[in-house]
Structure formats: C-alpha cells, structure tokens
Amino acid sequence: MDAVTVRIAPGEIVGLLGHNGAGKSTLFNVVSGALPATRGDMRIDGALAPTRPTPSEMAARGITVIHQEPALAPNLSVLDNLFLGQEHLLAKGSRHDLAREALARAGATHLDPKRMVGSLGLGERQLVDLARGMVRGDMRVLMLDEPTAALGRAETESLHALIRDLAAQGVSVVYVSHRLPDILDVCNRILILRAGKLEVDGPASDFDGSRLARALAPDVEFEAFDHRQVDEAPRFALEGAFSAIEARPGEVVGLFGMAAGRQFELLEQLFGLHGRYSFGMDGSPTTVSSPSTAMRRGIHLVPADREQDGLVSGASAVDTVFLPWYRKLPGRGAWISRDTGDAAYKRARSELNILGPDGNAPIDEFSGGNRQKHLIARWTFVDGPSVLLLAQPTQGVDVGARVDIARAVRAIAADGAAVLVASAEADEISLLCDRAYVVYGERIAPVSRSTKFGGDLVSTLLDISETTQKGPAS
C-alpha cells in the first residue's frame, strides 16, 4: 500500500475494488491485524488502535473480516467452528442457542450446527464464517471479501438485506467484489485501488456497470465475443434426467441454475467423480467411472472451488499446471517432463496473460484470478480437451481476468472442443456461452441467445422453480 488514507462513517457501505494484486487483501490484512503496518495509524471510533495489533485485539475492537476462503476447521462441526477461539463467550448463554441466533442473523437457518464443515460448499462456509462474527456480538466494522462469489441470486439478495440491516444499526461495511452489479446494488460509496494507490473515491450513484468497469480497468480492451450457432453433430449427448442436453465441437454451452444446483453435480458426473456415468460421445456410447477414465477420453474439469478441489497449497506454479501430465496416460499422447516444463509454462503464461511471481514461486503467492488461470492452463494447455467442463470459471476474478478467461475459452472452442459452463451467475453465462440450458432439479429448459439473454435465463429459472413448487398441471 502507498499512503492510502480512508475514512468510513458508521452505517456506510463502501465498495472496495481493484485488480487482483491491487492491494485489497493487504488492506484487509492490515486492518484485521494479520499484517503489521509499516507506517501510518488506524483509529476506530476516534480511538487509536495498537501499532502492531493481533487479530484477536482487532476482533475485540469490533473488526470482523469474512475472507474469500474462510479459515474454518473442516474436521469440526459448524457449532465448534463458531466458538473456536471464542470459548469466553459461552458465559452469555448456551452454545446451541448462541449458534442458532448467529446463524439466523447470517441468513443460514438451514444449516445444522452439528454438520461437519468439511461437507459444506464454499457459499455455506462463507455463511458460517459470517456467523462467527455474529457470535461476538459487538460488531463495529464488517469487511467482506468476495462474499457472493459462490452464491446464487436469492442468496445474494438475502446477504445484501443483512448488510443493509447491519448498516442501519451503525456497522461500517467494506465490501470487496469483482461482481460489479453486486457492488452497485448494495454500496453507497466506491473506492478503487490501483497498484496500491487509491485512484477513485466517490458516490456509487455516479456509476453504472459500464462506467464502473472502465474506471476499474481503463487499460483493458473490452470486446464483444463472437457467439455463434454450430451445425456439426454433437460431441456429447447426455442420457437419463439430462437427456435434453448436448454440445457440439466449437460450441460453448451454459448450464444455469441455483447456487449449489444440479448443474455442478452434472459436471462432476461427466468427470467420473460420482462413479459410473454413461452418455453419448461422438455418436458412440461412453462410460466414465473415474477422473482418469474421463481424462483418457479427453474430458477435463476446472472445478468451482479452486482452493479446495483444484490447487495444492505450497506447490509451485509450474507444478500446479503440469501435475496431472508428469506421467503418460494410456490412450493419450500428452505428457510433459520436468525438463520441458519450464519452457512450456512460459508459453502458457503468455497466452493466458498470467501475472505475478515466477513459475518456481508457490501458487499461494498469486492472486485469485491468476490462480484460476493456472487451473485453466492445466486442463487446456498440455493436452487439448475434447470436452472442457468449467464450473464458474470467472468466479472471484477481476474485470481484466474475466476478459482473459473469456478469450481463452473462445480459443479452446475454436480449436474444436465442446465446452460446458456451469454457473449460478447469469452474467457469466452471457459472457461466455453461445446458448444455454436452465437446470432446476430434474427440470431442464433450453434458452437461445438474444439481446436480453441474461434476463431470459433468470426468468426461465423462476418459471421452472415456481412450476416445480406448484406441482404438475392437472
């Protein structure tokens, strides 16, 4: 950070934006006490904070930070995580009563306090992390890092309602997100960091989506991607409940639904993560029973939760890309040796516009968007896929990285792959896909591109969900 001075009033909801690496996480870590400030000072309600505070000291002063990757213990229950390191709060009441009250305030009444955190999805873990802050009670500042990255529309609206309620009680809110519509929906002031400096500080009412994108990334060349209709025979066609779904070589097809919906389960089935799964591929019956059998057929998956399901903490950036390809797969010619990995990594890095330290650095040292690009490079660069499965590929990345990823996806399709994108974000489907299916439980509806493609997706999902809840027509 470089001489950033920010004052946030009680009840103010401030959107903090910037490219990956702009300094947002550094600012969060300094305010929370996770990193010491090298100069300057910090005041809370006019009182000077300690020069080198600990996270516990800042939490005691009412600072609550919800990180993009919640720091929870997966082998403990929701209940145990809520009180981990906060056992002194038990004098206020029973654990179960306090837990249910905190979960209710966080909009997570559906979560069983006895459930193991390791079984939760990313969005649910974020809600548990938020409820941890609720348990402490005296919240003065709430700092949210990509809180809606794994949430669908309904869950996002509930979270925004909670944020407005907290702000009305005098809580100052700092909201980091790459989802610009979310920023404009809930924030009343916008700050933009660039290379550690504060470049923009103004009311949210001065911006719409386009102006905000330009202010955030003035050097990014925005382009309208060429979405097209492909007339070739299907690369794959599904059976059973999803029999209406097919995708052709050169086509990017979306699966849109609720957060944690069936569209994500389908991608996992195609990659063999749930045992045997049969479908048609290039006109012939195909069965996958494990990720290795899927890979032998050229089916590659970029998972939604990159930190838990895709990356190995501590591994180098080079190994992150080439880990599956250090051995030769039966039936596939693609593999790479450690001797050739460095040169190949440089080419992948150039094509995907990966920024950050060199390839020998741990993948943890890269920003979220650049970690995501490493995963995309893993499944596209060494061995061109026949079918590429992408689960929310632009989740939690900035505007520039979204454009880089979109270009890469279009290039992969142009090389002859059939691409399937599962998402709970209509904007993501609109950016990437030629056409889409809306998925709600066992119900499926195709949606063709139009000038209001995103709105068509949302309205179709609402229609299907309402029909499902009412039951079949008599």
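The structure we're discussing is the one just above.
An account of the accompanying structure is given in this report. Bear in mind that the values here come from a model prediction, so they are computed numbers and not experimental data.

### Remarks on the pattern of salt bridges
Considering all chains together, one arrives at 21 salt bridges under this definition. Asp 185 is the salt-bridge partner of Arg 164, the closest N and O atoms lying 3.2 Å from each other. Of the two residues, Arg 164 is situated in helix H6 (residues 153-168) and Asp 185 in helix H7 (residues 180-186); the sequence distance between them amounts to 21 residues. Among the ionic pairs, Asp 434 bridges to Arg 410, the shortest N-O distance being 3.0 Å. Here Asp 434, found in the loop between helix H16 (426-432) and strand E17 (435-440), pairs with Arg 410, found in helix H15 (residues 399-414); they are 24 residues apart in sequence, far enough to count as distant. In this pair, the class of Asp 434 matches that of Arg 410, namely buried. Residues participating in the shared-partner salt-bridge network are Arg 179, Asp 182, Arg 402 and Glu 425.

### Some words on the pairing of E17
Summarising burial for E17: five of the six residues are buried, a large majority. In this sheet, E17 lies alongside strand E11 (residues 252-256) in parallel orientation, the contact comprising four bridges. Bridge pairing links Phe 256 to Val 438 in E17. As judged from the six bridges shared by E17 and strand E18 (residues 443-448), these two strands associate in the antiparallel manner. What sits directly across from Arg 435, in E18, is Ser 448. Hairpin connection, E17 to E18: the antiparallel pair is bridged by two residues, and Gly 441 has positive phi, about 60°.

### Topic: the environment of Gln 372
Mapped onto the secondary structure, Gln 372 falls in helix H14 (residues 368-380). Owing to a relative accessible area of 1%, Gln 372 belongs among the buried residues under this scheme. Gln 372 sits 69 residues away from Pro 303 along the chain, and the two C-alpha atoms are 9.8 Å apart. With residues up to four places along the chain from it excluded, the contact list for Gln 372 reads Val 302, Arg 306, Gln 392, Pro 393, Val 397 and Ile 405.

### Some words on the packing of helix H4 (residues 95-105) against helix H5 (residues 122-136)
Their axes nearest at 8 Å, the elements H4 and H5 cross at an angle of 120°. Viewed along their axes, H4 and H5 adopt a mutual orientation that is oblique. The way H4 lies across H5 gives a crossing that is right-handed. Two secondary-structure elements touch here, H4 through Ala 102, Leu 103 and Arg 105 and H5 through Ala 131, Met 134 and Val 135.

### Side note on H14
Taking 1.5 Å of rise per residue, the 13 residues of H14 would be expected to cover 18 Å, and the 19 Å separating its terminal C-alpha atoms lies within 8% of that figure. Across the 13 residues of H14, 13 count as buried, placing the element largely inside the fold.

### Structural notes on the side chain of Ser 177
Here Ser 177 lies in the loop between strand E6 (172-176) and H7. A distance of 2.9 Å separates a polar side-chain atom of Ser 177 from the backbone nitrogen of Arg 179. Setting aside residues up to four positions removed in sequence, Ser 177 forms contacts with Leu 16, Leu 17, Glu 146, Thr 148 and Ile 183.

### Quick look at the packing of aromatic side chains
Scanning the model with the defined rule gives three aromatic pairs in all. For the cation-ring pair, Arg 211 lies above Phe 207, with the distance from its terminal atom to the ring centre recorded as 6.0 Å.

### Section: the sheet that holds strand E12 (residues 277-281)
Strand order in this open sheet of four strands is E10-E9-E12-E13, and the pairing throughout is antiparallel. Looking along the sheet, the strands with just one partner apiece sit at the ends: strand E10 (246-247) and strand E13 (284-288). Inspection of the sheet shows E12 paired to E13 by five bridges, in the antiparallel sense. Bridging from a neighbouring strand, Ser 278 pairs with Thr 287 of E13.

### Section: the sheet that holds strand E1 (residues 13-17)
The mixed open sheet is built from six strands, whose spatial order is E4-E5-E6-E1-E7-E8. Of all strands in the sheet, those with a lone pairing partner are strand E4 (63-66) and strand E8 (197-203), marking the two edges. Neighbour-to-neighbour, the strand axes of the sheet open up by a mean angle of 15°, direction not taken into account. Taken together, the six bridges between strand E7 (residues 189-194) and E8 define a ladder with antiparallel strand orientation. Across the sheet, Arg 189 pairs through a bridge with Pro 203, a residue of E8. Along the sheet, helix H8 (residues 209-216) contacts E1 and E7; its crossing angle with E7, the most-contacted strand, is approximately 30°.

### What to know about the packing of H14 against H15
Packing of H14 against H15 leaves a shortest axis separation of 11 Å and a crossing angle of 10°. The angle between the axes of H14 and H15 places the two elements in the roughly parallel class. Here H14 contributes Gln 372, Lys 373, Ile 376 and Thr 380 to the contact with H15, which in turn contributes Ala 401, Asp 404, Ile 405 and Ile 412. In terms of residue class, the contact of H14 with H15 is built from four nonpolar, two polar and two charged.

The rules behind the values
Residues numbered from 1 in each chain as written. Predicted model: local features only at pLDDT ≥ 70, side-chain atom pairs only at ≥ 80, totals over all residues. Heavy atoms only, no water. Salt bridge = Lys/Arg side-chain N within 4 Å of Asp/Glu carboxyl O. Helix = DSSP H or I, 4+ residues; strand = E, 2+ residues; numbered from the N terminus. Buried < 20%, exposed > 50% of the residue type's maximum accessible area, 1.4 Å probe, protein only. Pairing = 2+ DSSP bridges. Contact = heavy atoms within 4.5 Å. Axes fitted to C-alpha atoms, helices over the stretch in contact; angles between N-to-C directions. Parallel < 35°, antiparallel > 145°, perpendicular 65-115°, else oblique. Left-handed = near helix turned anticlockwise from the far one by under 90°. Expected span 1.5 Å × (residues − 1). Polar contact = N/O pair within 3.5 Å; in protein donor to acceptor, adjacent residues only side chain to side chain. Phe/Tyr/Trp six-rings, centres within 6.5 Å; stacked < 30°, edge-to-face > 60°. Lys NZ or Arg CZ within 6 Å of the ring centre and 35° of its normal. Nonpolar A, V, L, I, M, F, W, Y, C, P; charged D, E, K, R; others polar.

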